[in-house]
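# Coordinate analysis (summary)
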Amino acid sequence: MTQSHPTSGATPDPNCPVSLDLLGAVYRADEYDLPEILARIPPLTRAKLAAYLYGKSHMHQLGLTVARACEREELIQAADEIGAVIYGQSRLKPAKAAPTPAAPGTPKKISLGGSSAKGRRFD
């Protein structure tokens, strides 16, 4: 079977402060392995990684998780004022999930016509 995409690997982002291998390890790590991986990264590099991930929409939450392993001063040194924002957001308690309504015994019937549409003409 032939592949239609290159197999040499992804092109590293020059703005990423860590190697592509380490970035992949952080991305794939579970909640138990991530602290160990982050502990091996120098503090300023870890703060830069937090800011880098925070700025990527699909890795925003991971950036906040990495920032929890950083000191405020390190984040400020790595990302100036946004570092202070990242630090503050990383220390916020997660919002509580909205309570799900109790399932009633019988499901509600839904009408697409609606009573307000009866008798009206839509020309």
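Residues numbered from 1 in each chain as written. Predicted model: local features only at pLDDT ≥ 70, side-chain atom pairs only at ≥ 80, totals over all residues. Heavy atoms only, no water.

What follows covers the overall build of the protein. When helices and strands are tallied, the protein shows five helices and zero strands. Sequence-ordered secondary structure for the protein, helices as α and strands as β, is α-α-α-α-α. Looking at the protein as a whole, 24% of its 123 residues qualify as buried. Carbon and sulfur atoms provide 55% of the accessible area of the protein, an area that totals close to 9,800 Å². (Helix = DSSP H or I, 4+ residues; strand = E, 2+ residues; numbered from the N terminus. Buried < 20%, exposed > 50% of the residue type's maximum accessible area, 1.4 Å probe, protein only. Areas by Shrake-Rupley, 256 points an atom, 1.4 Å probe, with all protein chains shown as cover.)

As for its position among the elements, Glu-74 is in helix α5 (residues 72–90). Despite its burial, Glu-74 pairs with no opposite charge; the closest candidate is Arg-46, at 4.5 Å N-O. From its side chain, Glu-74 meets the backbone nitrogen of Glu-71 in a polar contact 2.9 Å long. Residues within four places of Glu-74 in sequence aside, it is in contact with Pro-43, Leu-44, Arg-46 and Ala-47. (Lys, Arg positive; Asp, Glu negative; His and termini not counted. Salt bridge = Lys/Arg side-chain N within 4 Å of Asp/Glu carboxyl O. Polar contact = N/O pair within 3.5 Å; in protein donor to acceptor, adjacent residues only side chain to side chain. Contact = heavy atoms within 4.5 Å.)

This part covers the nonpolar core. Counting residues in hydrophobic clusters, the biggest one holds 24 residues, and the most contacted among them are Val-26, Leu-49, Leu-53, Val-66, Leu-75 and Ile-86. When residues of this core are assigned to their parent elements, the largest contribution, seven residues, is made by helix α3 (residues 43–54). If near-sequence neighbours (up to four positions away) are discounted, Leu-75 is found in contact with Ala-47, Ala-50, Ala-67, Cys-70, Asp-80, Gly-83, Ile-86 and Tyr-87. (Core = buried A, V, L, I, M, F, W, Y, C linked by side-chain atoms within 4.5 Å.)

What follows covers the environment of Tyr-52. Mapped onto the fold, Tyr-52 is located in helix α3. Distance in space between the C-alpha atoms of Tyr-52 and Asn-15 is 7.6 Å, their sequence separation being 37 residues. Once residues within four sequence positions are removed from consideration, Tyr-52 is found in contact with Asp-13, Asn-15, Cys-16 and Pro-17.

Caution is warranted with low-pLDDT regions, since their predicted coordinates should not be read in detail. When pLDDT is averaged along the protein, the result is 84; 71% of the residues meet or exceed 70. Low pLDDT, under 50, characterises residues 1–7; the predicted model gives this stretch zero contacts beyond four residues in sequence or across chains. (pLDDT = per-residue confidence, 0-100.)

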